[in-house]
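Examination of the molecular architecture
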Amino acid sequence: MSEQNEQPTGLPALSRRFIWMMNFGFLGVQTAFTLQSSQMSRIFQTIGADPNNLGWFFILPPLAGLIVQPLVGYYSDRTWLPKLGGRRLPYLILGTIVAVIVMLMLPNSGSLGFGYGSFGALLFGAITVALLDLSSNVAMQPFKMMVGDMVNDDQKSYAYGIQSFLSNTGAVLAAILPFLFTYFGIKNTAAKGIVPMSVKVAFYTGAALLVITSFFTIKEVHEYDPETYAKYHGISQEDNEQGGNMLTLLKDAPSAFWTVSLVQLFCWFAFQYLWTYSVGAIAKNVWQTTNVASAGYQAAGNWYGVLAAVQSIAAVIWSYVLAKVPNKYHKAGYAGSLLIGAVGFLSVFFVTDKYLLIVSYALAGIAWAAMNTYPLTIVTNALSGKHMGTYLGLFNGSICLPQIIASLLSFALFPALGNSQAHMFLAAGISMVLGAISVAAIKETYVR
């Protein structure tokens, strides 16, 4: 490969251009994922969902990821389709096609004549959300796996840093699109039960971006064939074809897999509540409204988009800071970032000025940067090339399970905390503090 400096054993150094192209499609995938996470609460409350029942809808995406990503990892370890790019890229192609179709459908959940709050509208929305998350998971996992497959330890932090940068750039775009389209004159209100056109156009734009960015990755990247992969990782070709029982692999997983998963439990629990309750909390605290059809509520939805962009921009900047932290201080950087994020979460409960919320979400972005920088680096460093995809798919459970637990627990917590969406940020902030404390349990190891 012209993009690689060949060497007889061990993963070769890759050009920076190749690493960028390997990750470029992640920009579009994350745009789609963030449009879903940032607008889902708004969409479902707009079409008539009871805030106390939002947890049911937010269970669907992580449940899809919990099932799909280990399967993508398991089967892609055994896939070799050179005409479609290799072992991981065929799954990117499939996920992109389905995600684009669903992105065109989801914002129209209230426009099909089912009626405000009707079972039909909510069911259609739930099904499309599940399909979008399923397809996004199929499209997202190949990027994480290709870095583990093709990037050596010296370049891995850089590669995941680029992935984090593109991920957060996609998140910024997704978050501000409804706000920008409203600014340029596209209507941000609609009849009761109908999703505003500003949100619909944002989803259509995200679908186009997903196609364009994924095309560049698929066109420019050629994965290692099974023989080359085995040689570079110092394993046999049979290692990824036999003995891949998931329960056995979990039993044999390195300790870093489990200790990082503990930290992930608390962190993703917190962010699940941020995605679920931000719009409602902002609408109540800043615009003093709970009426989802009001201009104030829809303005809160747009402002959350801006705050989500602030969070992502802060994450981009902080990711650069974390990249400069020496290895021996990784745990301090990890724990410190999560504690800063906890302050941001807790402050949302108290803040009633929309501009002060910028500080709150910037602090949350610092935690987000750490969550996207450290876990995959620590876990992939502790893994050999054997069953890399399966292990990373299983590790995704540390992202999905906390979200499911948070959603199920919300049915008890929400009424216990006064049926207030703002109060849920107190629970989220405490969870983030526990995540920071749990970093102490991690012991980093390296397999070369």
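Source: prediction; values computed, not measured.

Concerning the overall build of the protein chain
Along the backbone of the protein chain there are 15 helices and two strands. Considered along the principal axes of its C-alpha atoms, the protein chain spans approximately 65 × 45 × 40 Å. Per-residue burial over the protein chain gives 59% buried out of 448 residues. Looking at the protein chain as shown, the accessible area adds up to about 16,900 Å², and 68% of this sits on carbon and sulfur atoms. Averaging the locations of the 23 positively and 18 negatively charged side chains of the protein chain gives two centres separated by 10 Å.

Structural notes on helix 4 (residues 119-150)
Here helix 4 contains 32 residues, and its C-alpha end-to-end distance of 47 Å stays within 8% of the 46 Å for a straight helix at 1.5 Å per residue. Where burial is concerned, most of helix 4 is hidden: 25 out of the 32 residues are buried.

A closer look at the pattern of salt bridges
Side chains that differ in sign of charge can pair as their charged atoms come close. Tallied over the full model, the rule gives four salt bridges. In this structure, the salt-bridge partner of R17 is E220, at a minimum N-O distance of 3.0 Å. In this pair, R17 sits in helix 1 (residues 16-46) while E220 sits in helix 6 (residues 197-220), placing the two residues 203 residues apart along the sequence. One salt bridge connects R88 with D77, and the closest N-O pair in it is separated by 3.0 Å. Pair noted here: R88 is in the loop between helix 2 (54-76) and helix 3 (89-105) and D77 is in the loop between helix 2 and helix 3, with a separation of eleven residues, a long-range link. Residue R88 is classed as buried on the basis of its relative accessible area of 0%.

Digging into the confidence of the model for the protein chain
Summarising the model, the protein chain shows a mean pLDDT of 85, and 93% of its residues fall at 70 or more. The weakest mean pLDDT in the protein chain belongs to strand 1 (residues 4-5) at 42; the strongest belongs to helix 15 (residues 424-438) at 96. Counted against residues more than four places away or in other chains, residues 1-8, with its pLDDT under 50, gives 23 contacts.

Structural notes on the packing of helix 9 (residues 255-285) against helix 15
The geometry of helix 9 relative to helix 15 is characterised by a closest axis approach of 8 Å and an angle of 160 degrees between their N-to-C directions. One finds that helix 9 runs roughly antiparallel with respect to helix 15. Judged by the twist between their axes, the crossing of helix 9 over helix 15 is left-handed. Contacts from L262, V263, F266, C267, F269, A270, F271, Y273, L274, Y277, S278 and A281 of helix 9 reach helix 15 at M424, F425, A427, A428, S431, M432, L434, G435 and S438. In the contact of helix 9 with helix 15, the residues fall into 17 nonpolar, four polar and no charged.

Points about a nonpolar patch on the surface
Residues I97, I101, L104, M105 and Y204 make up a contiguous nonpolar surface patch of about 430 Å² in total accessible area. At four residues, helix 3 tops the list of elements feeding residues into the nonpolar patch. Inspection of the secondary structure puts M105 in helix 3.

Overview of the packing of aromatic side chains
If you walk through the whole model with that rule in mind, you get 25 aromatic pairs. Ring geometry for F257 against F395: centres 5.6 Å apart, planes inclined by 65 degrees, an arrangement best described as edge-to-face. One end of the pair, F257, is in helix 9; the other, F395, is in helix 13 (residues 388-395), and 138 residues separate them in sequence. Using a relative accessible area of 3% as the deciding quantity, one classes F395 as buried. Consider the rings of F349 and F350, whose centres lie 4.8 Å apart with planes at 80 degrees: the pair is edge-to-face.

Reading the values: rules and limits
Residues numbered from 1 in each chain as written. Predicted model: local features only at pLDDT ≥ 70, side-chain atom pairs only at ≥ 80, totals over all residues. Heavy atoms only, no water. Helix = DSSP H or I, 4+ residues; strand = E, 2+ residues; numbered from the N terminus. Buried < 20%, exposed > 50% of the residue type's maximum accessible area, 1.4 Å probe, protein only. Areas by Shrake-Rupley, 256 points an atom, 1.4 Å probe, with all protein chains shown as cover. Lys, Arg positive; Asp, Glu negative; His and termini not counted. Charge placed at Lys NZ, Arg CZ, Asp CG, Glu CD. Expected span 1.5 Å × (residues − 1). Salt bridge = Lys/Arg side-chain N within 4 Å of Asp/Glu carboxyl O. pLDDT = per-residue confidence, 0-100. Contact = heavy atoms within 4.5 Å. Axes fitted to C-alpha atoms, helices over the stretch in contact; angles between N-to-C directions. Parallel < 35°, antiparallel > 145°, perpendicular 65-115°, else oblique. Left-handed = near helix turned anticlockwise from the far one by under 90°. Nonpolar A, V, L, I, M, F, W, Y, C, P; charged D, E, K, R; others polar. Patch = residues over 30% accessible without salt bridge, like charges linked within 9 Å, V, L, I, M, F, W, Y side chains within 5 Å. Phe/Tyr/Trp six-rings, centres within 6.5 Å; stacked < 30°, edge-to-face > 60°.

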